[in-house]
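Each chain, written out:
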Amino acid sequence: MRLSLGSPCTLPSTSSSTHSRIQCCTLTHTQPIRLNRKQPLENQPLKKWERLLHPVDSADSMPSWFPAHRPVKLGDRWMEYQGVRNWEGLLDPLDDNLRGEILRYGDFVEAAYKSFDFDTSSPTYATCRFPKNTLLERSGLPETGYRLTKHLRATSGIQLPHWIEKAPSWVATQSSWIGYVAVCQDKDEIARLGRRDVVIAFRGTATCLEWLENLRATLSHLPKVDSDKGPKRHGPMVESGFWSLYTSGTTMGPSLQEMVREEIERLLKSYGDEPLSLTITGHSLGAALAILSAYDIKTTFKYAPIVTVISFGGPRVGNRSFRQHLEKQGTKVLRIVNSDDLITKVPGFVIDGDNEVANNKENLNVAGLASWIQKRVEETQLAYAEVGRELKLSSKDSPYLNSVNFATCHELKTYLHLVNGFVSSSCPFRATAERVLSYHNR
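Residues numbered from 1 in each chain as written. Predicted model: local features only at pLDDT ≥ 70, side-chain atom pairs only at ≥ 80, totals over all residues. Heavy atoms only, no water.

## Thoughts on the nonpolar core
The test is simple: Here, the term nonpolar core denotes a set of buried Ala, Val, Leu, Ile, Met, Phe, Trp, Tyr and Cys residues that are joined through side-chain atoms within 4.5 Å. Relative accessibility thresholds used throughout: buried, under 20% of the residue-type maximum; exposed, over 50%; partly exposed, between the two (1.4 Å probe, protein chains only). Whether two residues are in contact is decided by their heavy atoms, any of which lying within 4.5 Å being enough.
Ranked by size, the top nonpolar core spans 51 residues in total, and within it Ile102, Phe108, Leu136, Tyr146, Tyr180 and Ile336 carry the most contacts. Setting aside chain neighbours within four positions, we find tyrosine 180 in contact with Phe108, Ala111, Ala112, Leu135, Leu136, Leu148, Lys150, Leu152, Val199, Ile200 and Ala201. Core analysis: the next-biggest nonpolar cluster, separate from the first, contains 42 residues, Val238, Phe242, Ile264 and Val309 among them.

Here you go:
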């Protein structure tokens, strides 16, 4: 879905029922706040953000919605919010309950970032800073009702030259902590959600080899799919680097694919007889891995429950055939996209040949040219397709972001801020949206 965003606006008077979904967009701020990495955060009038942008080791950053302002009960509508109807009627205007769920899953991704050891001088670089039993609490998410069940690691399949041994050890870090699996165990939260939820959260790119894998933009064929009957070039293909990170392992440890499959198999055996959802979420590279994980789970487990991907700032992942397989297997994907974020526009090219063609000679000639171009692009193995539904936002619509640059537009904090403020395509930002980048301070 493509949402056309304009400038902040004031909505006409509405009925009480409509007003509950669409809030007045009159902006009352007087001083725009510049968000950038050059100015220390503590020098900006946004003190609540400090606990969100820096790792925390205590529960002093209690989310404001736990438990006093817990989101509303989803009840029987939980499958609708998980995308069973492809979020029809929930994206424009953005349903408040869906907003809350998107931000909640975004916080799980933020916890993955906070838990990762980014210090290249540390002997524990690229590992998880916290044990499973305290990770959520120490990363700022106490009392979520979820319990971590497994740490996840991703491994690069790039073969390194011998001279790399002379470089600092962090340059050649092949395997790194990428995220975790957590299961909702709290009875009250299960009742609120309407089911038991399993969340898989992935961080974005952090290590040198992950960056190199991102640059391997050509498409690679997935293992043979039973339904494939056409030429091999028409089969499902995905970005080579993402697939490498998902499937590569070492003699010392399994691949991310093997870890995900093992844990999901165990959880399905434990909870498969009750209402269950699998929600996979990630930012940037993590968003790509979330889509690959969802595809793999639905392909591997015939009776898997509903699998939903909540993607923040994700790059393109595969070709049209891959998208068609995702749709056929019932995988639901909601892509949150910042139109000012370059990462969401790469890799490759999107030439969609599914458009209807009118039965006149002129249009047939145009269609023939488009088909010829598409085939040439496919031959380069750079013909990608967008997947799932799209919630398109824009940094330019926020009154609190007056510095639009590559880094800021792609940050997860920016995405959470834009989701928090977005109302509809006719009213991009709500007046009641505070200067926050997380649902915790909503």
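## A few points about the sheet that holds strand S11 (residues 389-393)
To keep things clear, this is the line we draw: The criterion for strand pairing is that DSSP finds at least two bridges linking the strands in question. In this description a helix means any DSSP run of H or I spanning at least four residues, a strand means any run of E spanning at least two, and both kinds are numbered starting from the N terminus. Comment: axis = line fitted to C-alpha atoms, over the contacting stretch for helices; angle = value between 0 and 180 degrees taken between N-to-C directions.
Read across the sheet, seven strands follow the order S1-S2-S3-S6-S7-S8-S11 without closing on themselves; strand pairing throughout is mixed. Of all strands in the sheet, those bounded by a partner on one side alone are strand S1 (146-155) and S11. Between one strand axis and the next, the sheet turns by 15 degrees as a mean value, whatever way the strands run. Of the pairings in the sheet, the one linking strand S8 (residues 332-338) to S11 comprises five bridges and is parallel in character. Note on S11: the bridge partner recorded for arginine 335 is glutamate 390. Lying on the sheet, helix H4 (residues 96-115) is in contact with S1, strand S2 (175-184), strand S3 (196-202), strand S6 (276-283), strand S7 (306-312), S8 and S11; it crosses S3 at an angle near 45 degrees. In this fold helix H9 (residues 256-271) packs onto S1, S2, S3 and S6, with an angle of close to 155 degrees to the strand it touches most, S1.

## Thoughts on the packing of H4 against helix H14 (residues 412-421)
When two helices pack together, you describe them by how their axes are tilted relative to each other and by the distance separating the axes. As a reminder of what qualifies: Any angle between 65 and 115 degrees counts as roughly perpendicular, while under 35 counts as roughly parallel, over 145 as roughly antiparallel, and the rest as oblique. In this scheme the crossing of two helices becomes right-handed for a clockwise turn of the near helix relative to the far one and left-handed for an anticlockwise turn of less than a right angle.
One way to put it is that H4 packs onto H14 with a least axis distance of 10 Å and a crossing angle of 165 degrees. Between H4 and H14, the crossing angle belongs to the class labelled roughly antiparallel. Remark: the crossing between H4 and H14 carries left-handed chirality. Contact residues: Arg99, Ile102, Leu103, Gly106, Asp107, Val109, Glu110 and Tyr113 in H4; Leu412, Lys413, Leu416, Val419, Asn420 and Gly421 in H14.

## Description of the pattern of salt bridges
Oppositely charged side chains can form a pair if their charged atoms are brought close together. Selection criterion: Within this document, salt bridges are pairs made up of a side-chain nitrogen of Lys or Arg and a carboxyl oxygen of Asp or Glu, the two lying within 4 Å of each other.
Following the criterion strictly, the structure yields 21 salt bridges and no others. Taking the shortest distance from any N to any O, the salt bridge between glutamate 110 and lysine 413 comes out at 3.1 Å. A residue pair is termed long-range when its members are at least 10 positions apart, and glutamate 110 in helix H4 and lysine 413 in helix H14 qualify at 303 residues. Among the ionic contacts, a cluster of salt bridges with common partners joins Arg316, Arg335, Glu386, Glu390 and Lys392.

## Focus on the side chain of arginine 430
The cut-off we apply is this: When charges are tallied, Lys and Arg are placed among the positive residues and Asp and Glu among the negative ones, while His and the ends of the chain are skipped.
Tracing the backbone shows arginine 430 in the segment after H14. For the buried arginine 430, which has no salt bridge, the nearest side chain bearing the opposite charge is aspartate 96, at an N-O separation of 4.9 Å.

## Some details on the environment of tyrosine 271
Secondary-structure assignment places tyrosine 271 in helix H9. Residues tyrosine 271 and arginine 196, spaced 75 residues apart in sequence, show a C-alpha to C-alpha distance of 8.2 Å. Dropping the residues within four chain positions of it, tyrosine 271 is found in contact with Arg147, Val183, Gln185, Arg196 and Leu276.

## Some thoughts on helix H11 (residues 320-329)
Inspection of H11 places Ser321, Phe322, Arg323, His325, Leu326 and Gln329 among the buried residues, and these make up the whole buried set. Buried residues in H11 make contact with strand S5 (237-239) and helix H10 (285-300). Where H11 terminates, the next one or two residues include glycine 330, which has phi positive at roughly 90 degrees.

## A closer look at helix H8 (residues 240-247)
The following threshold applies: Here a polar contact means two N or O atoms within 3.5 Å. Within protein one must be a hydrogen donor candidate and the other an acceptor candidate, and residues neighboring in sequence count only if both atoms are side-chain atoms.
The buried fraction of H8 amounts to seven of the eight residues, a majority that puts the element mostly inside the structure. Those residues of H8 lying buried are Ser240, Gly241, Phe242, Trp243, Ser244, Leu245 and Tyr246. In this structure, the buried residues of H8 make contact with S1, helix H7 (208-214), strand S4 (219-221), S5, H9 and H10. Capping the start of H8 is the job of one residue whose side-chain oxygen sits 2.8 Å from the backbone nitrogen of glycine 241: glutamate 239.

## Here's the deal with empty space enclosed by the protein
We apply this condition: Any residue with an atom within 4 Å of a point lines the site, the site being either a cavity, points on a 1 Å grid over the protein atoms alone where a 1.4 Å probe fits but cannot get out, or a pocket, an open set with protein on both sides within 12 Å along at least 5 of 7 lines. Grid points are joined across faces, edges and corners, and a volume is the space filled by probe spheres set on the points. Only Asp, Glu, Lys and Arg are considered charged in this grouping, and only Ala, Val, Leu, Ile, Met, Phe, Trp, Tyr, Cys and Pro are considered nonpolar; every other residue, Gly among them, is considered polar.
Summed over the entire model, instances satisfying the criterion amount to five cavities of 30 Å³ or more. The computed volume of the largest cavity comes to approximately 50 Å³. In terms of lining, the largest cavity is formed by Ile291, Gly314, Pro315, Arg316, Val317, Arg335, Thr344, Ala385, Glu386 and Val387. Counted by class, the lining of the largest cavity contains five nonpolar, two polar and three charged residues.

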